Amino acid sequence: MAKKSIIINPLDNVAVALCDLKKGQTEQGVTLKEDITKGHKFALKDIKSGEHILKYGNPIAYATADIKEGCHVHTHNVHTNLSENLEYEYNKVSTPLGKVAGRKVNVYLRANGEVGIRNEIWVIPTVGCVNGQAKEIVERFKAECGEVGDGVFAYTHPYGCSQLGDDHERTKLILQKMVRHPNAGGVLVLGLGCENNQMAAFRQTLGAVDESRIKFLVCQEVEDEITSGVNLLKEIAVQVKRDKRVEKDISCLKVGLKCGGSDGLSGITANPLVGRFSDYIVAAGGTTVLSEVPEMFGAEQLLMNRAKDEKTFEKIVKLINDFKDYFRKNGQVVYENPSPGNKAGGITTLEDKSLGCTQKSGAGPVQDVVFDDGYITEKGLNLLNGPGNDMCAVTNIAAAGCHLVLFTTGRGTPFGGFVPTLKIATNSDLAKNKANWIDFNAGAVLESDFDVQLEKLVDLIVEVAGGKKTKNEINNTREIAIFKTGVTL
């Protein structure tokens, strides 16, 4: 018979319901005094006011009132322990990952030695004023030439003008990173002409590119920007049509790790499964990237202890404290999370969310920390600066060089980024009810085991890397969002 509840760690004083439980039922040797919704917690013993609530073997909150054994433990009777900057110590924890059998993937080899898992043509506006022109150029090109490569897409956004300081630089940098992304076989960069994000400055800091594949067009400088744009796409298409997939080792992949719309099962099924995948591909010589810095708050010391060395530890401290400073600069407390959907799904505090979120990173060492202006260059597990917001985080992860993103979700979302965004459900009900959104059901680990589901997940990722479309690609839900922190004129 399937388990109805779980104690994640022997140190825990709460258990998590794996299905809806009724008052009077006996679970984990405890008689429930209240109904407990799936994903929510109940007390395994009497917990005194002020006592820590333990989940994942770590404190996730403290009790604000006495909680009787068998009672619901949630936002009504606990409070976060999080506050201001903390003093951190580096207590190195080393978990050898061993060796794994290699797998092969079929990818596109680029002239600079990088690989892409898609061979798409992108139109990237430098400014939101030409979003409509970008879309029209793509539609006109497809009407005349059909689909080329793995598809032709416009990635529109509202920025590129009237931005000051860091916002202006971040917009330019994210778009430049997209231009150079290996999943694009070619790119048309489309400007207006009078925007802050001037094409000349954009090109100057972009660096050298293959001009047979990367084209530039300023709409104010031509009579008919649509025809001019279509003609440039036709030139790019000549090159893209020549590209063929080649077989490479799976270690060539850079995989982003993201969660959104989490629930009480996220840290029990999907996130630990993705963590096992992270350990697998790192052991195979590949790369994974964990971002969502505010969803590290409360679990950061565990990540710091996994830093490969003291220098990397100091980078993680800076990553955490810089983001806390950003919250306070805007008059916000550092623990203003989880979301209403998270709470409805059983997540109580930010520590609860973070300890579940960071399960995606597995057990391996943190090799590097990458800030806004950087790319992923180190093999292994990397941490990346950025917010938890789904669209901004996936854009950041992809712009840093990831080929695809594993996106775990307990509530469900149709969202996809500019790289394949593979949705992994935390529970079987979601996978069944939103099959048009979900690519993989991690809820199956409750009826099977992690080893079986990991093998299935690796199989799927190999297929996606080789061209199988994810649900977001099938549904053509492809978006970018650029993290904004400053003033708009």
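Okay, so let's go over this structure. For clarity, every value in this text was computed on a predicted model and none was experimentally measured.

1. Section: the pattern of salt bridges
Reasoning step 1: Using the criterion set out here, one finds 31 salt bridges in the structure.
Reasoning step 2: For E136, the salt bridge is made with R140, and the minimal N-O distance between the two is 3.7 Å. Of this pair, E136 and R140 both sit in helix 1 (residues 131-145), four residues apart, which is roughly one turn of the helix.
Reasoning step 3: Where R170 meets D372, a salt bridge forms, and the shortest distance between an N and an O atom there is 3.4 Å. Placement of the pair is R170 in helix 2 (residues 165-179) and D372 in the loop between strand 19 (366-370) and strand 20 (380-384), with a sequence separation of 202 residues.
Reasoning step 4: Within the structure, one salt-bridge network assembled from shared partners comprises R110, D210, R213 and D243.

2. Focus on the sheet that holds strand 11 (residues 115-116)
Reasoning step 1: Pairing is antiparallel in the open sheet, where three strands are placed in the order 11-10-16. Taken across any chain shown, the strands that pair with only one partner, and hence form the sheet edges, are strand 11 and strand 16 (245-249).
Reasoning step 2: Lying on the sheet, helix 12 (residues 450-465) is in contact with strand 10 (104-109) and strand 16; it crosses strand 10 at an angle near 25°.

3. Here we look at the environment of F415
Reasoning step 1: When you line up the elements, F415 lands in the loop between strand 21 (404-409) and strand 22 (421-425).
Reasoning step 2: For F415, a relative accessible area of 10% translates into the label buried.
Reasoning step 3: Taking the C-alpha atoms as reference, F415 lies 7.7 Å from M391; in sequence the two are 24 residues apart.
Reasoning step 4: If we ignore the near neighbours within four places in the chain, the residues touching F415 are D390, M391, V394, F407, T421, K423, N472, T477 and E479.

4. A look at helix 5 (residues 270-283)
Reasoning step 1: Helix length check: helix 5, at 14 residues, gives a terminal C-alpha distance of 20 Å against a target of 20 Å (1.5 Å per residue), a fit within 8%.
Reasoning step 2: Most of helix 5 sits out of view: 13 of its 14 residues are buried.
Reasoning step 3: Downstream of helix 5 by one or two residues, G285 has phi in the positive range, about 100°.

5. Topic: the pairing of strand 14 (residues 184-191)
Reasoning step 1: In terms of burial, strand 14 is a largely internal element, eight of the eight residues being buried.
Reasoning step 2: Relative to strand 14, strand 12 (residues 120-125) runs parallel, the two sharing six bridges. Across the sheet, I121 pairs through a bridge with G186, a residue of strand 14.
Reasoning step 3: Summarising the sheet, strand 14 and strand 15 (residues 214-218) pair through five bridges and their orientation is parallel. Counted as the bridge partner of G191 is V218 from strand 15.

6. Description of the environment of V93
Reasoning step 1: Take V93: it is sitting in the loop between strand 9 (78-79) and strand 10.
Reasoning step 2: By relative accessible area, which is 44% here, V93 ends up partly exposed.
Reasoning step 3: In the structure, V93 is positioned 213 residues away from R306 in sequence and 5.3 Å away in space, judged by C-alpha atoms.
Reasoning step 4: V93 has contacts with N305 and R306, leaving out every residue within four places of it along the chain.

7. Quick look at the side chain of N197
Reasoning step 1: Of note, N197 is situated in the loop between strand 14 and helix 3 (199-206).
Reasoning step 2: Under the relative-accessibility criterion, N197 is labelled buried at 1%.
Reasoning step 3: A distance of 3.1 Å separates a polar side-chain atom of N197 from the backbone oxygen of T126.

8. Structural notes on the sheet that holds strand 9
Reasoning step 1: Spatial ordering of the open sheet is given by 6-7-9, a layout of three strands whose pairing is antiparallel. Each edge of the sheet is formed by a strand with only one pairing partner; in this case those strands are strand 6 (52-55) and strand 9.
Reasoning step 2: Across two bridges, strand 7 (residues 58-63) lies against strand 9 in antiparallel orientation. Looking at the pairing, A63 lines up with V78 of strand 9.

The rules behind these values
Residues numbered from 1 in each chain as written. Predicted model: local features only at pLDDT ≥ 70, side-chain atom pairs only at ≥ 80, totals over all residues. Heavy atoms only, no water. Salt bridge = Lys/Arg side-chain N within 4 Å of Asp/Glu carboxyl O. Helix = DSSP H or I, 4+ residues; strand = E, 2+ residues; numbered from the N terminus. Pairing = 2+ DSSP bridges. Contact = heavy atoms within 4.5 Å. Axes fitted to C-alpha atoms, helices over the stretch in contact; angles between N-to-C directions. Buried < 20%, exposed > 50% of the residue type's maximum accessible area, 1.4 Å probe, protein only. Expected span 1.5 Å × (residues − 1). Polar contact = N/O pair within 3.5 Å; in protein donor to acceptor, adjacent residues only side chain to side chain.

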